[in-house]
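As a plain string of letters, each chain reads:
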Amino acid sequence: QVQLVESGGGLVQAGGSLRLSCAVSGSIFSMNAMGWYRQAPGKQRDIVASVPTLGSTNYADSVKGRFTISRDFAKNTVYLQMNSLKPEDTAVYYCNANLRVRRASQLYDFWGQGTQVTVSS
């Protein structure tokens, strides 16, 4: 079993900041990538940012320059620092972990329960 526990969402005024955290635990053989997605009401779930084990971070164009993703490899924890928040950033934010549970297994996606971020104008 793999568990993802998110924290850090909430209500903030436009221009404010929030920091999301996601800790992954359980049967992890190796972690491939960790990231954050978001889903606004009536819309599909879209990627916000990701950080692979090897390679560079990636950001959605809409958050570049405002959000920063970081990862603590030893703790299997990923963070999302969100600055200069806008009302259009309002959504449920989901943590994602792409990993192997055994040496020869395929890669699996696991998801957090989601945390609400609401930005008021």
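Residues numbered from 1 in each chain as written. Predicted model: local features only at pLDDT ≥ 70, side-chain atom pairs only at ≥ 80, totals over all residues. Heavy atoms only, no water.

**Notes on the sheet that holds strand β1 (residues 2-7)**
Keep this limit in mind: The criterion for strand pairing is that DSSP finds at least two bridges linking the strands in question. Helix numbering and strand numbering both begin at the N terminus, where a helix is a DSSP run of H or I of at least 4 residues and a strand a DSSP run of E of at least 2. Axes here mean lines fitted to C-alpha atoms, for a helix over just the part in contact, with angles spanning 0 to 180 degrees between N-to-C directions.
Spatial strand order, β1-β3-β8-β7: four strands in an open sheet with antiparallel pairing. Of all strands in the sheet, those bounded by a partner on one side alone are β1 and β7 (67-72). Shown here is a sheet whose adjacent strand axes are inclined to one another by a mean of 15°, direction ignored. Across six bridges, strand β3 (residues 18-26) lies against strand β8 (residues 77-82) in antiparallel orientation. The residue of β8 that forms the bridge with arginine 19 is glutamine 81.

**Topic: the pattern of salt bridges**
The following threshold applies: Salt bridges are defined as contacts in which a side-chain nitrogen from Lys or Arg sits within 4 Å of a carboxyl oxygen from Asp or Glu. Throughout this description, buried means an accessible area under 20% of the type-specific maximum (1.4 Å probe, protein chains only), exposed means over 50%, and partly exposed covers the range between.
Counted according to the given criterion, the structure contains three salt bridges. Notably, a salt bridge pairs aspartate 89 with arginine 66, separated by 2.7 Å at the nearest N-O pair. Placement of the pair is aspartate 89 in the loop between β8 and β9 (91-100) and arginine 66 in the loop between β6 (58-59) and β7, with a sequence separation of 23 residues. Summarising the burial analysis for this pair, aspartate 89 and arginine 66 share the class buried. The structure contains a network of salt bridges with shared partners spanning Arg38, Arg66 and Asp89.

**Details of the packing of aromatic side chains**
Going by this rule: Each aromatic pair joins two rings of Phe, Tyr and Trp (for Trp, the six-membered one) with centres within 6.5 Å, and gets the label stacked for planes under 30 degrees apart, edge-to-face for over 60, and tilted for any other angle. A ring has a charge above it when a Lys NZ or an Arg CZ is no more than 6 Å from the ring centre and no more than 35 degrees off the ring normal.
Inspection of every chain in the model, using the stated rule, returns one aromatic pair. Seen in terms of ring centroids, tyrosine 37 and tryptophan 111 are 4.9 Å apart; in terms of plane orientation they differ by 70°. Their pairing is edge-to-face. Here tryptophan 111 lies in strand β10 (residues 108-111) and tyrosine 37 lies in strand β4 (residues 30-39), a separation of 74 residues in the sequence. Given the relative accessible area of 21%, tyrosine 37 is considered partly exposed. Residue class for tryptophan 111 comes out partly exposed when judged on its relative accessible area of 35%. It is arginine 19 that lies over the ring of tyrosine 79; its NZ or CZ is 4.2 Å from the centre. The ring of tryptophan 111 carries the charged tip of arginine 45 above its face, separated from the ring centre by 4.7 Å.

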